[in-house]
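Now for the letters of each chain:
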Amino acid sequence: MKIEDVVCSFCGCLCDDLVVEVEGTRVISVENGCTLASEKFLGDHRLKTPIRRDGNSWTKISYDEAIAETAEILLDADRPLLYGWSGTFGEAQSVGVHLAEILGAVIDNTSTVCHGPSILAIQEVGHPGCTLGQVKNRADVVVYWGANPVDAHPRHMSRYTTYCDGFFRKDAFKDRKVIVVDVRDTESSILADEFVKVNPGGDYAVLSALRAIVRGKRGIIPPEVEGVSREQLFRVADICMSAKFGAVFFGVGLTMAPGKNKNIRNAIEFTEELSRHTKFTISPMRGHWNVYGSNEVFTWISGYPYAVDFARGIAFYNPGETTSVDILKRGECDACLVVASDPGAHFPKECAEHLARIPTVQIDPHVNVTTHLSRIQIPVAVAGIDAEGTAYRMDGVPIRTRKLFQGQYPDDFEVLEKIYAIVKEAKG
Ligand code: SF4
């Protein structure tokens, strides 16, 4: 059976034009997707049943046992941490926040190690963003700053920018100018009309120089700013100021560079400076397919987008203190539930070591690095393949992922609802 208009649940582009061929409970071909999508849909490395660590080996257990033991671990803990959430759908994220609240736990999502600084900057100065549809149809200048879409979001350029014709951009490849700013040559920088190579850690200074030029202060710019010549800075500012509609996209190359949220604040203020001359927007390149959704869902329920601590009985938010990396580094939490992410692969070593010391439960379809740190792993259905739910694209547009066949696994929502029911009953 061929199914059209399938949504890809891999990266924040959430491409919704895939054609997937299914035979029984197996995907046998994928059209329109990039290589990352093909890997996701065709990959067949799922954990078959829940497992519990017994010394150096694993024992297969039933879902009921795994769920009951997980609830017990969370109920026994004084300071549980519920981490991940970016690789699952909104309905499951919502149960996660309610579970954190009833447990008095900390709940955090993967923004903590990617676009957390972007959120802090947006909370300070706002977000002059727009949808990807606006970019596709209108933008004649696109800036990728600290982002490498060819590798991380392979269809971003073909669906929305460089190669994609739009309503007001009939010949996109000729009509659009693409500027890439990065500290190194990348697959994306090769495709740029203008590649601005910045010294590592120099983004803030380069953004400040560009803002000064846009403000009409060319005279104060030194011959070189963090590896970028004055002539190139003038050229880039002129390209941006003469755009009819410009769009800046920034990635973790900017959010995680020295300066962090101040870089993003400066980039937003650069965008606002440009909007005194023309129309410019700025948007983060979100990585996990539903990391934007995790920020939305957390905010609807608790008022805060990530790093929410319910230990006081109310939602408390203080990134740097209530963020998972900081809690794990301090050795503060005594149990952890990891949902749809792999902190073992992405967190600093001392955090992974602490996860291995405490009872860690992972809810994830696949064996990954975190499996090796966990006591229990519960495999679940994959959203967009054998589970459905709502996700938010990187521009904040909600999109419903589809279930392509009925598989053997429960989904995140069902497993979390059962854990929640046990916890609720125990808490009275
Ligand atoms: S660009 Fe992202 S969402 Fe689109 S097909 Fe590739 S991995 Fe999937």
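A look at the side chain of Thr-278
Thinking step 1. Tracing the backbone shows Thr-278 in the loop between α12 (260–274) and β14 (279–284).
Thinking step 2. Among the polar contacts listed, one links the side chain of Thr-278 to the backbone oxygen of Lys-244, at a separation of 3.2 Å.
Thinking step 3. Those residues within four positions of Thr-278 in sequence are excluded, and the remaining contacts are Cys-240, Met-241, Ala-243, Lys-244 and Phe-245.

Quick notes on the sheet that holds strand β1 (residues 2–6)
Thinking step 1. Read across the sheet, three strands follow the order β1-β2-β3 without closing on themselves; strand pairing throughout is antiparallel. Edge strands, defined here as strands with exactly one partner in the open sheet, are β1 and β3 (26–31). Strand-to-strand twist in this sheet, taken as the mean axis angle between neighbours without regard to direction, amounts to 30 degrees.
Thinking step 2. Sheet topology places strand β2 (residues 18–23) next to β3; five bridges connect them, and they run antiparallel. Bridging from a neighbouring strand, Glu-23 pairs with Arg-26 of β3.

A few points about the nonpolar core
Thinking step 1. Counting residues in hydrophobic clusters, the biggest one holds 44 residues, and the most contacted among them are Leu-82, Leu-99, Ile-107, Leu-337, Ile-363, Leu-416 and Ile-419.
Thinking step 2. Elements represented by at least two residues in this core include exactly α2 (63–76), α3 (90–103), β17 (335–339), β18 (360–363), β19 (376–378) and α17 (412–427).
Thinking step 3. Broken down by element, this core gets its largest block of residues, six residues, from α3.

Digging into the environment of Gly-259
Thinking step 1. With respect to the element layout, Gly-259 can be found in the loop between α11 (252–255) and α12.
Thinking step 2. The class for Gly-259 is partly exposed, based on a relative accessible area of 37%.
Thinking step 3. A sequence separation of 55 residues divides Gly-259 from Tyr-204, and the C-alpha atoms of the two residues are 6.8 Å apart.

Things to note about the sheet that holds β18
Thinking step 1. Strand order across the open sheet formed by nine strands is β5-β4-β19-β18-β17-β6-β7-β15-β16, with mixed pairing between neighbours. Each edge of the open sheet is held by one strand with a lone partner, namely β5 (57–60) and β16 (316–317).
Thinking step 2. Looking at chain direction, strand β15 (residues 308–309) and β16 are connected through two bridges and run antiparallel. Bridging across to β16, Val-308 finds its partner in Tyr-317.

Remarks on the domain arrangement of the protein chain
Thinking step 1. When cut into domains, the protein chain gives domain 1 (46–114 + 289–427) and domain 2 (116–284).
Thinking step 2. A separation of 34 Å is found between the C-alpha centroids of domain 1 and domain 2.
Thinking step 3. At the interface, 13 residues of domain 1 touch 16 residues of domain 2.
Thinking step 4. Contact between domain 1 and domain 2 buries roughly 1,000 Å² in total, counting both sides, with carbon and sulfur atoms accounting for 61%.
Thinking step 5. Here domain 1 is connected to domain 2 by zero salt bridges.
Thinking step 6. Applying the counting criterion to the domain 1 and domain 2 interface returns six residue pairs in polar contact (both at pLDDT 80 or more).

What to know about the pattern of salt bridges
Thinking step 1. Summed over all chains, the structure comprises 27 salt bridges.
Thinking step 2. Here Asp-171 ties to Lys-174 by a salt bridge, and the two come within 3.7 Å at their closest N and O atoms.
Thinking step 3. Looking at Lys-174, the relative accessible area reads 69%, which means it is exposed.
Thinking step 4. Close ionic contact of Asp-395 with Arg-393 constitutes a salt bridge, the shortest N to O distance being 2.7 Å. For the residue pair Asp-395 and Arg-393, the accessibility class agrees, reading buried in each case.
Thinking step 5. Several salt bridges share partner residues, and in doing so they unite Glu-124, Arg-211, Arg-215, Lys-262, Arg-265, Glu-269, Glu-273 and Arg-276 into one network.

Looking at the packing of α2 against α17
Thinking step 1. Packing of α2 against α17 brings their axes to within 9 Å, and their N-to-C directions diverge by 50 degrees. Judged by the angle between their axes, α2 and α17 are oblique. Note that α2 runs across α17; the crossing there is right-handed. Contact residues: α2 offers Ile-67, Ala-68, Thr-70, Ala-71, Leu-74 and Leu-75, while α17 offers Val-415, Lys-418, Ile-419, Ile-422, Val-423, Ala-426 and Lys-427.
Thinking step 2. Among the residues forming the contact of α2 with α17, the class breakdown is 10 nonpolar, one polar and two charged.

Considering a nonpolar patch on the surface
Thinking step 1. Side chains of Tyr-163, Phe-173, Ile-190 and Leu-191 sit close together on the surface and give an oily, nonpolar patch of about 430 Å² of accessible area.
Thinking step 2. Within the secondary structure, Phe-173 sits in helix α8 (residues 172–175).

Thresholds applied
- Residues numbered from 1 in each chain as written.
- Predicted model: local features only at pLDDT ≥ 70, side-chain atom pairs only at ≥ 80, totals over all residues.
- Heavy atoms only, no water.
- Helix = DSSP H or I, 4+ residues; strand = E, 2+ residues; numbered from the N terminus.
- Polar contact = N/O pair within 3.5 Å; in protein donor to acceptor, adjacent residues only side chain to side chain.
- Contact = heavy atoms within 4.5 Å.
- Pairing = 2+ DSSP bridges.
- Axes fitted to C-alpha atoms, helices over the stretch in contact; angles between N-to-C directions.
- Core = buried A, V, L, I, M, F, W, Y, C linked by side-chain atoms within 4.5 Å.
- Buried < 20%, exposed > 50% of the residue type's maximum accessible area, 1.4 Å probe, protein only.
- Domains from an automatic or database assignment.
- Buried area = accessible area lost by both parts, 1.4 Å probe.
- Salt bridge = Lys/Arg side-chain N within 4 Å of Asp/Glu carboxyl O.
- Parallel < 35°, antiparallel > 145°, perpendicular 65-115°, else oblique.
- Left-handed = near helix turned anticlockwise from the far one by under 90°.
- Nonpolar A, V, L, I, M, F, W, Y, C, P; charged D, E, K, R; others polar.
- Patch = residues over 30% accessible without salt bridge, like charges linked within 9 Å, V, L, I, M, F, W, Y side chains within 5 Å.
- Areas by Shrake-Rupley, 256 points an atom, 1.4 Å probe, with all protein chains shown as cover.

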